[in-house]
Each structure stands twice: as C-alpha cells, then as structure tokens.
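The chain contents come next:
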Amino acid sequence: MNRQADPITRSMETYQKEIAFAAAKIKTFIPHFAENFPGPSSVGGIYPIRPNEDWTSSFWTGMLWLCWEATGDDDFRRAAEAQLPSFYRRAYERLHTDTHDLGFLYTLSCVAAWKLTGNQEARNAALAAADLLMERFLPAAGIIQAWGNLNDPANRGRMIVDCTMNLPLLHWASDETGKPTYRDAAISHMDRTLEHIFRDDHTTFHTFFMNPETGAPLHGTTAQGYADDSCWARGQAWAMYGLPLGYRHTHNPNLLHRAAEASGYFLEHLPADGVCFWDLIFTSDNEKRDSSAAAIAVCGLLEHASHLPPAHPRHRLYEDAAMRMMNALIGGYVNRTREESSGLLTEAVYDMPKNVGVGESCIWGDYFYLEALVRMVRDWRPYW
Ligand code: GLY
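This report concerns the structure included in the present document. (Residues numbered from 1 in each chain as written. Predicted model: local features only at pLDDT ≥ 70, side-chain atom pairs only at ≥ 80, totals over all residues. Heavy atoms only, no water.)

Let's talk about the overall build of the protein
Okay, step 1: When helices and strands are counted, the protein shows 13 helices and 9 strands.
Okay, step 2: Structurally, the protein occupies a C-alpha span of about 55 × 45 × 45 Å along its principal axes.
Okay, step 3: Sequence-distant contacts in the protein: of pairs separated by 6 or more residues, those separated by 24 or more amount to 68%.
Okay, step 4: When the accessible surface of the protein is summed, it comes to about 14,100 Å², and 51% of that surface belongs to carbon and sulfur atoms.
Okay, step 5: Here the protein carries 34 positive and 47 negative side-chain charges, and the mean point of each set is 3 Å from the other. (Helix = DSSP H or I, 4+ residues; strand = E, 2+ residues; numbered from the N terminus. Contact = heavy atoms within 4.5 Å. Areas by Shrake-Rupley, 256 points an atom, 1.4 Å probe, with all protein chains shown as cover. Lys, Arg positive; Asp, Glu negative; His and termini not counted. Charge placed at Lys NZ, Arg CZ, Asp CG, Glu CD.)

Structural data, given as structure tokens:
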C-alpha cells in the first residue's frame, strides 16, 4: 500500500492507462449485471447483483456511458441502453421513488442518454423523475425532503448535504421545459442548505431538520458521520461538488465562494497521502479512509477549477490538489484484479455507524473515480 504523498504530476499516459484498465474491468462484468445493477457496496470486493431499487443504481449505468465516451466501443452504449427500461418503469410506476436521490438516479442514466444520444424516451423519463422530485419540495421550509415518505415522522422536514448533487436534475428540467418551477425549487433548497447545513467553521452537517409547517430551522444531526457536530468526509465532498455544479447552472458567485470554504477545510484535514479519513475529525492512520469521498472531491475540485480563470490562484491550487489525490488513488486504492472482483476503488466506507460497506468498494466511488479520470484527459461535458 502506497501511503506516501505523490508528487503532483499530471500524466496523461497514466490516466489513459487507468481508463483502459477500468473499461476492461467494467466490460468483463457487463454480462454479469446485464439489466441489473451492482449493489451500493461490495462484499469482499464483489458487488451483489441488485434490481433497480437502490439509490445507487445509476452509477453503473453512468460508468457504462463514461466508458462509451472514453473508448467509442459500442458494447458500452448497448449495455447502458439495456438498463434504461428499468429506469422508465421505476419513474412511471413510482417504484422506490420515495427519495431525493432521483437526481443521481436519472442524471446518470436518462439525462446522460438524452445528452449523448438524443434518446427522447430517456428524456421523458428524466422529466417524470424531476416531477417526482418536485413532489418532495416542502414549500414552507423551501427544501426537498431527503428520505422516506413525506409523512414519515423520522424523516419529515429532513434535508441532507448530499442533495446538492440531486439539484442539477431540476435545473436540467427547467432548461428542457422552459418552466422555472424546477429551478426555483433547486435555488431555494440550495439557499437553505447554505444557511443551515453549512457551519461557521466551513464544515457541514450531514442532515438538518426544518419544521415543514412553519419553515423554522430545527437542528442538525448526522446519519453516517462520527458525531452530529463532526464533519462526515463524504458529506463535505458532496458539498465540494454540488456547489460548483449549482454555479454551472445559476452563475451565482456565492456558490463558488462557499464551495471554496468547504474545500479549504477538506484539504486542510487530509492525511499525508491525500485520501481522506471517513470523517474529517480523525487524524490517526488507524482510522478507515473513504476513497469514495476522495473521488467525489477530485471531481468537485476539477469542476470548481473549470469555473475559475487559469490565472486565478485557486485554479492551480485545486488542479494540483485533485491530481495529488488522483495519483494517490491510482497508486494505492485500485483493485487490480480483472476477473475476480467487480469493485474498482478499494477502501471506501458506505455507512460506518451501521457497519455496512466498511473498507469495501462503493459503486459511487467507482463512478466518480472514472469520471475524474475522464475529466483529467479531456474537456468533458458533464451529465450533471
Ligand atoms: N448519499 C448517500 C451516501 O453518500 O452514502
């Protein structure tokens, strides 16, 4: 295991080689998953086969689209397209749609299909998913409820930092339909996130409750972090990526300003090799890393840098930090087996408090690692 800080080098050849390795591995597993999906996290490096029911289904589909873009091999396009009917059914029959993660689910499957191939059916299903997401908007609170049925007492009025990544679906829906309501909801939710999820020290709560009737802010708690007042690494990484994506859609400079604060905290709390612990409260090498948070953070830093002029001091800072993390992931966190193990990035943590997916591959970690590689080698047009 390479735990040293890597020199900051952007080696196109290395990134191309890693894309080729990832694509070959993913291709090996196309017949295995076929119209199904890897589960959220691996068990012993091997993903279980799941129907389209989890919040994570689209990460595999998104990887297939990335591979198609990166290699031009039509097997990847066919494999991605074979997955789309289950997304259509899921939206139209409202199967497992009590979640704000409709954004992840439909952006990486159907929006990607529409953007890359002009697939009208996929566009319509993504718009249906945006409508379902709008049903979760609580007008008095101005937020999208994260989890569960809207009447579920455990989740009523709860928003979570991850949702910043679900908002691009709403911006896209406004762009497609010309109706401002989707974008208005996205902007309102982002504003409430900045007000209540972000703390004065530039860390983030994982989840925050609002009173759904009066709109009053209540309190922050964690679900997957170490403590309510600690900084769950993946939550911070979602913010580092979600805010620059919000900027992409709104050009609100405050989003880059706040993303810079969150990124600054994240970068100041990394171990020597640049791959974060699962919660940023930790400093001891005995703690588990979360490689998936590192991969998300790399994408966030590259997205952020893309909105800054090349001469801006943070442009270089973020590109360098992203490369350092990427080089560490490549050097020490890639599962190099091709046939035996479907996981790509090792040492992710899904849910430490529940002891699920600890020290395993997580399918979003694999997705964002691959997206980061693609971002490193080309001027990539985001599905987000
Ligand atoms: N969005 C759920 C997670 O990051 O685990």
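Examining the environment of glutamate 261
Okay, step 1: Note on placement: glutamate 261 falls in helix H10 (residues 253-268).
Okay, step 2: When the C-alpha atoms of glutamate 261 and leucine 138 are compared, they prove to be 28 Å apart, with 123 residues separating the residues in sequence.

Some details on H10
Okay, step 1: In a regular helix each residue adds 1.5 Å, so 16 residues correspond to 22 Å; H10 covers 23 Å between its end C-alpha atoms and thus fits that length.
Okay, step 2: Of the positions making up H10, those classed as buried are Leu255, Leu256, Arg258, Ala259, Ala260, Ala262, Ser263, Tyr265 and Phe266.
Okay, step 3: Close packing links the buried residues of H10 with helix H8 (181-197), helix H9 (233-250), helix H11 (291-306) and helix H12 (313-332).
Okay, step 4: Where H10 starts, the residue carrying a side-chain oxygen 2.9 Å from the main-chain nitrogen of asparagine 254 turns out to be asparagine 252. (Expected span 1.5 Å × (residues − 1). Buried < 20%, exposed > 50% of the residue type's maximum accessible area, 1.4 Å probe, protein only. Polar contact = N/O pair within 3.5 Å; in protein donor to acceptor, adjacent residues only side chain to side chain.)

Here we look at the sheet that holds strand S5 (residues 158-160)
Okay, step 1: Pairing is antiparallel in the open sheet, where 3 strands are placed in the order S5-S6-S7. Here the strands that pair on one side only, and so sit at the sheet edges, are S5 and strand S7 (217-221). Ignoring which end each strand starts from, the neighbouring axes of this sheet average 25° apart.
Okay, step 2: Sheet analysis places S5 next to strand S6 (residues 207-210), joined by 3 bridges and oriented antiparallel. The residue bridging isoleucine 160 from the neighbouring strand is threonine 207, located in S6.
Okay, step 3: Contacting S5, S6 and S7, H8 crosses the sheet at an angle of about 85° to S5. (Pairing = 2+ DSSP bridges. Axes fitted to C-alpha atoms, helices over the stretch in contact; angles between N-to-C directions.)

Re the site of the ligand
Okay, step 1: The ligand sits among Trp55, Asp162, Gln224, Trp232, Arg234, Trp238 and Tyr350.
Okay, step 2: At 2.6 Å from a nitrogen atom of the ligand is found a side-chain nitrogen or oxygen belonging to aspartate 162.
Okay, step 3: Residue glutamine 224 places a side-chain N or O atom 2.8 Å away from an oxygen atom belonging to the ligand.
Okay, step 4: Here the ligand, which alone exposes 200 Å², has 96% of that area covered by the protein.
Okay, step 5: Taken together, the residues of the shell around the ligand sort by class into 4 nonpolar, 1 polar and 2 charged. (Near = heavy atom within 4 Å. Nonpolar A, V, L, I, M, F, W, Y, C, P; charged D, E, K, R; others polar.)

Looking at the pairing of strand S9 (residues 356-360)
Okay, step 1: In terms of strand pairing, strand S8 (residues 348-351) meets S9 through 3 bridges, oriented antiparallel. Across the sheet, the residue bridging to alanine 348 is glutamate 360, located in S9.

Observations concerning the nonpolar core
Okay, step 1: Grouped together as the largest cluster of nonpolar side chains are 134 residues, with contacts concentrated most on Tyr106, Trp364, Tyr367, Phe368, Tyr369 and Trp384.
Okay, step 2: Not counting residues up to four positions away in its chain, the partners in contact with tyrosine 106 are Phe87, Arg90, Ala91, Val111, Ala125, Ala126, Ala129 and Leu169. (Core = buried A, V, L, I, M, F, W, Y, C linked by side-chain atoms within 4.5 Å.)

Digging into the environment of glutamate 360
Okay, step 1: Mapped onto the fold, glutamate 360 is located in strand S9.
Okay, step 2: Separated by 227 residues in sequence, glutamate 360 and leucine 133 place their C-alpha atoms 30 Å apart.
Okay, step 3: Discounting chain neighbours no more than four positions away, the residues touching glutamate 360 are Ser42, Val43, Gly44, Gly45, Leu345, Thr346, Glu347 and Ala348.

What to know about the packing of aromatic side chains
Okay, step 1: Applying the stated rule across the entire model yields 25 aromatic pairs.
Okay, step 2: Against the face of tryptophan 114 rests arginine 123, its NZ or CZ located 5.5 Å from the ring centre.
Okay, step 3: Between the NZ or CZ atom of arginine 199 and the centre of the ring of phenylalanine 205, over which it lies, the distance is 4.4 Å. (Phe/Tyr/Trp six-rings, centres within 6.5 Å; stacked < 30°, edge-to-face > 60°. Lys NZ or Arg CZ within 6 Å of the ring centre and 35° of its normal.)

A few points about the side chain of glutamate 303
Okay, step 1: In this structure, glutamate 303 sits in helix H11.
Okay, step 2: Excluding anything up to four places from it in sequence, glutamate 303 contacts Tyr241, Pro244, Leu245, Arg248, Arg375 and Pro382.

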